[in-house]
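Structural description and commentary
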Amino acid sequence: MNLAGESVAVAGAGPTGALLAILLERRGAGVTLYDSRPDPRRGADESGRSINLAMADRGIHALALAGVLDEIKGALVPMRGRFVHQPDGSGALQPYGRRPHEVIYAISRSKLNRVLLEVALRRPRVQARFEHRLEETDFAARLARFRDLRRGAAIEVPMRPLLAADGARSTTRRRMAALGLIEAREEDLEHGYKELTIPAGPGNSYRMEREALHIWPRGGYMLIALPNEDGSFTATLFLPASGPSSFASLDTGCAIDAFLSENFPDARALMPDCVAEFQRRPTGFLGTVYAGGWHVRDTAALIGDAAHAIVPFHGQGMNCCFEDCVELDVCLDQSSSWEQVFERFYASRKTNTDAIAEMALENYLEMRERVADPKFRLQQSLALELERRFPHRFIPRYSMVMFHHEIPYRAALERGAIQSRLLAELTENAATLAGVDYARAAREIESRLALLPALSSVTKL
Ligand SMILES: Cc1cc2nc3c(=O)[nH]c(=O)nc-3n(C[C@H](O)[C@H](O)[C@H](O)COP(=O)(O)OP(=O)(O)OC[C@H]3O[C@@H](n4cnc5c(N)ncnc54)[C@H](O)[C@@H]3O)c2cc1C
């Protein structure tokens, strides 16, 4: 579809809204982004916090297609594997992939958002209205009402259409659901999170292995840390909301200090301000959004977290949102009306976003518990070995999700389930890789796993 002369309103100028604006403008559309926050290009992140995200092949591929990767790649810090910290203070790096370029990257969330907005707003037909909050949507009259938060005035914007990239708590989604136009539910996780800081060492040095995602798995909870460009790490503590070791139970400075010192002594030693940070910063809540139907005729459609927010344990939320933008662009190629675009988009994406939602929830258990289990580690090593021996049929599930944008999430989930059974069977009586029966592995893989499509390698930086 050629969008020349069309005007599209995008609610939400987060990563999804900003990338979408770039892609729509390329097709000739005039795009107006509305966001309730102040302009993030003017000054620091509103929270003053340094939050970072893991970016993998799906996100990188989307940024490359949109022509934005060159502006962002300097800010990416590679992470070659998970560095697992045991309670006794020992630790080891478990590589994510088999090949040197199979890495994921840490990126500052505010920097990424800023760069995307800068690129979008350099385009001639994109404009942004910050401090404009979407408050009402009248789908029959095709009007969205925003409040200009600086002046207090309400403004009406035609939905021709409105693309709602207004995040996990989407006003648009809730309104569509309240009117019975779609079905939607939000499933909160019993666990929340808190961001803490591991400051840089002297001369902006890194006080732990730089190119790793650090994990302190402790069964019912965990701490993770991702590197920043300036030598610091952003750590995130994931903990139940209530119960014996929980955000509710850590209600004094002493209790917080004792909990961190007992469970994460090595990390605690690197976080001099963690008790004050813990008390000062809000506890974040996590959940999954399931929505059935993402659009109202040709008037409005949900995209990104607004349509399918997921828990962060696979590091795929934003990657998945960026993949949405690419898929919407493909649907524009194949359609002649917005309604057709939205129908195709939902048909192709929903099964995949449901699949990554499921894998993200499963990964919480893997990160907080299984990575410390020797049997699991053997199976991880075996998965990489089987990929080396049978690359056309066997790719570890983590690698399919993180390094192969050509493999849809649904296929990764389904193949992963077969592979997981296979790994359990092949390691049942083996304590090391040398003890695995590879002739049996070959027979089973041939009969149970179909040939993979031809794959290009990871998107090059
Ligand atoms: C703790 C945590 C860790 C994460 N880690 C990763 C990771 O490692 N890798 C990864 O890929 N993903 C990660 N994610 C997920 C990722 O942050 C989200 O998937 C991504 O930010 C979604 O982008 P979005 O633009 O759709 O929504 P958002 O980033 O939520 O942006 C929505 C925008 O809409 C605006 N808005 C909201 N309501 C209104 C309104 N009524 N009117 C106007 N504007 C409005 C907001 O101000 C915001 O700018 C993580 C998430 C969390 C919570």
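None of these values were measured; they are calculated from a predicted model.

On to the overall build of the chain. Counting its secondary structure elements, the chain contains 15 helices and 19 strands. Against the compact-globule benchmark of 23 Å for 461 residues, the chain has a radius of gyration of 23 Å, which places it among compact chains. Summarising its shape, the C-alpha atoms of the chain cover approximately 65 × 60 × 40 Å along the three principal directions. The long-range share in the chain, meaning contacts at least 24 apart out of those at least 6 apart in sequence, stands at 71%. Surface exposure of the chain reaches about 18900 Å², of which carbon and sulfur atoms provide 49%. Distance between charge centroids for the chain: 2 Å, based on 57 positive and 59 negative side chains.

A few words on helix 15 (residues 438-448). When we look at burial in helix 15, the residues that qualify are Tyr 438, Ala 441 and Ile 445. Down the axis, helix 15 shows its buried residues gathered within 45° of arc, on one side only. Away from the buried face of helix 15 by more than 90 degrees, exposed residues Arg 443, Glu 446 and Ser 447 are located. Of the residues that open helix 15, the one with a side-chain oxygen 3.2 Å from the backbone nitrogen of Ala 439 is Asp 437.

A separate point is the layout of surface pockets. Considering only enclosed or pocket space, the second largest pocket measures out at about 710 Å³ in volume. Surrounding the second largest pocket, 27 residues form its lining, Glu 366, Arg 370, Phe 376, Gln 380 and Leu 423 being those nearest its centre. Within the residue set of the lining of the second largest pocket, elements represented by two or more residues are strand 6 (91-95), helix 11 (338-368), helix 12 (374-389), helix 13 (397-403) and helix 14 (409-426). With 8 residues, helix 12 is the single largest residue contributor to the lining of the second largest pocket. Residue classes in the lining of the second largest pocket are distributed as 12 nonpolar, 9 polar and 6 charged.

Our next topic: the pattern of salt bridges. One pass over the full model with this rule turns up 39 salt bridges. Salt-bridge contacts for Arg 397 lead to Glu 362; the nearest nitrogen and oxygen are separated by 2.9 Å. Pair noted here: Arg 397 is in helix 13 and Glu 362 is in helix 11, with a separation of 35 residues, a long-range link. The class for Arg 397 is buried, based on a relative accessible area of 19%. Between Arg 440 and Glu 425 there is a salt bridge, with the nearest N and O atoms lying 4.0 Å from each other. In this pair, Arg 440 is assigned in helix 15 and Glu 425 in helix 14, connecting sequence segments 15 residues apart.

It is worth spelling out the nonpolar core at this point. Membership of the largest hydrophobic core comes to 72 residues, with the highest contact counts inside it found for Leu 19, Leu 24, Met 55 and Leu 116. With sequence-adjacent residues up to four places away left out, Met 55 is seen in contact with Ile 60, Leu 63, Leu 76, Ile 104, Tyr 105, Ile 107, Leu 112, Met 318, Asn 319 and Phe 322.

Turning to the packing of aromatic side chains, a few remarks are in order. If you walk through the whole model with that rule in mind, you get 15 aromatic pairs. Relative to Phe 403, the ring of Tyr 398 has its centre 6.3 Å away and its plane inclined at 80°; by these criteria the two rings are edge-to-face. Its relative accessible area of 1% is what places Phe 403 among the buried residues. Pairwise contacts between aromatic rings join Tyr 193, Phe 238, Phe 313 and Tyr 364 into one cluster. The cationic tip of Arg 368 hangs over the ring face of Tyr 364; the distance from NZ or CZ to the ring centre is 4.5 Å. For the cation-ring pair, Arg 389 lies above Tyr 438, with the distance from its terminal atom to the ring centre recorded as 3.6 Å.

A negative phi holds for most residues other than glycine; trans holds for most peptide bonds. Geometrically, the link from Arg 160 to Pro 161 is a cis peptide bond, its omega value of 10° lying close to zero. Within the element layout of this structure, Pro 161 appears in the loop between strand 11 (154-158) and strand 12 (162-164). Its identity is not glycine, yet Glu 131 carries a phi of approximately 55°, on the positive side. Looking at Glu 131, the relative accessible area reads 22%, which means it is partly exposed. Positive phi is not limited to glycine here, since Asn 204 has a value of about 55°.

On to the side chain of Asp 324, then. Secondary-structure assignment places Asp 324 in helix 10 (residues 317-334). For Asp 324, the side chain forms a polar contact with the side chain of Arg 349, separated by 2.8 Å.

Let's shift gears to the site of the ligand. The full set close to the ligand counts 28 residues, and Thr 16, Asp 35, Ala 54, Leu 134 and Met 318 are the nearest of them. At a separation of 3.4 Å, an oxygen atom of the ligand approaches a polar backbone atom of Pro 15. The contact in question runs from an oxygen atom of the ligand to an N or O atom on the side chain of Arg 37, over 3.0 Å. Protein contact buries 85% of the 1000 Å² of open area that the ligand shows by itself. Examining the composition of the shell around the ligand, we find that 4 residues originate from one element, helix 10, more than from any other. Of the residues that constitute the shell around the ligand, the class distribution is 10 nonpolar, 12 polar and 6 charged.

A separate point is the sheet that holds strand 7 (residues 104-108). Here we have 3 strands laid out as an open sheet, ordered 3-7-4, and antiparallel in their pairing. Both outer strands of the open sheet, strand 3 (52-55) and strand 4 (77-79), are each paired with one neighbouring strand and no more. Adjacent strand axes in the sheet meet at a mean angle of 35° when their direction is disregarded. One ladder, built from 3 bridges, connects strand 4 with strand 7; its direction is antiparallel. Of the residues in strand 7, the one forming a bridge with Pro 78 is Tyr 105.

On to the sheet that holds strand 11. Reading across from one edge, 9-10-11 is the order of the 3 strands in this open sheet, with antiparallel pairing throughout. Two strands lie at the open edges of the sheet, namely strand 9 (132-138) and strand 11, each paired on one side alone. On average, each strand axis in the sheet is tilted by 30° relative to the strand beside it, whichever way the strands run. Two strands pair when backbone bridges link them, and strand 9 and strand 10 (residues 143-148) are joined in this way by 6 bridges, in the antiparallel orientation. Across the sheet, the residue bridging to Asp 138 is Leu 143, located in strand 10.

Cut-offs applied
Residues numbered from 1 in each chain as written. Predicted model: local features only at pLDDT ≥ 70, side-chain atom pairs only at ≥ 80, totals over all residues. Heavy atoms only, no water. Helix = DSSP H or I, 4+ residues; strand = E, 2+ residues; numbered from the N terminus. Rg over C-alpha atoms; globule rule 2.2 N^0.38 Å. Contact = heavy atoms within 4.5 Å. Areas by Shrake-Rupley, 256 points an atom, 1.4 Å probe, with all protein chains shown as cover. Lys, Arg positive; Asp, Glu negative; His and termini not counted. Charge placed at Lys NZ, Arg CZ, Asp CG, Glu CD. Buried < 20%, exposed > 50% of the residue type's maximum accessible area, 1.4 Å probe, protein only. Arc of directions from axis to C-beta. Polar contact = N/O pair within 3.5 Å; in protein donor to acceptor, adjacent residues only side chain to side chain. 1 Å grid on protein atoms, 1.4 Å probe; cavity = no way out; pocket = protein on both sides within 12 Å on 5 of 7 lines; lining within 4 Å. Points joined across faces, edges and corners; volume = space filled by probe spheres on them. Nonpolar A, V, L, I, M, F, W, Y, C, P; charged D, E, K, R; others polar. Salt bridge = Lys/Arg side-chain N within 4 Å of Asp/Glu carboxyl O. Core = buried A, V, L, I, M, F, W, Y, C linked by side-chain atoms within 4.5 Å. Phe/Tyr/Trp six-rings, centres within 6.5 Å; stacked < 30°, edge-to-face > 60°. Lys NZ or Arg CZ within 6 Å of the ring centre and 35° of its normal. Near = heavy atom within 4 Å. Pairing = 2+ DSSP bridges. Axes fitted to C-alpha atoms, helices over the stretch in contact; angles between N-to-C directions.

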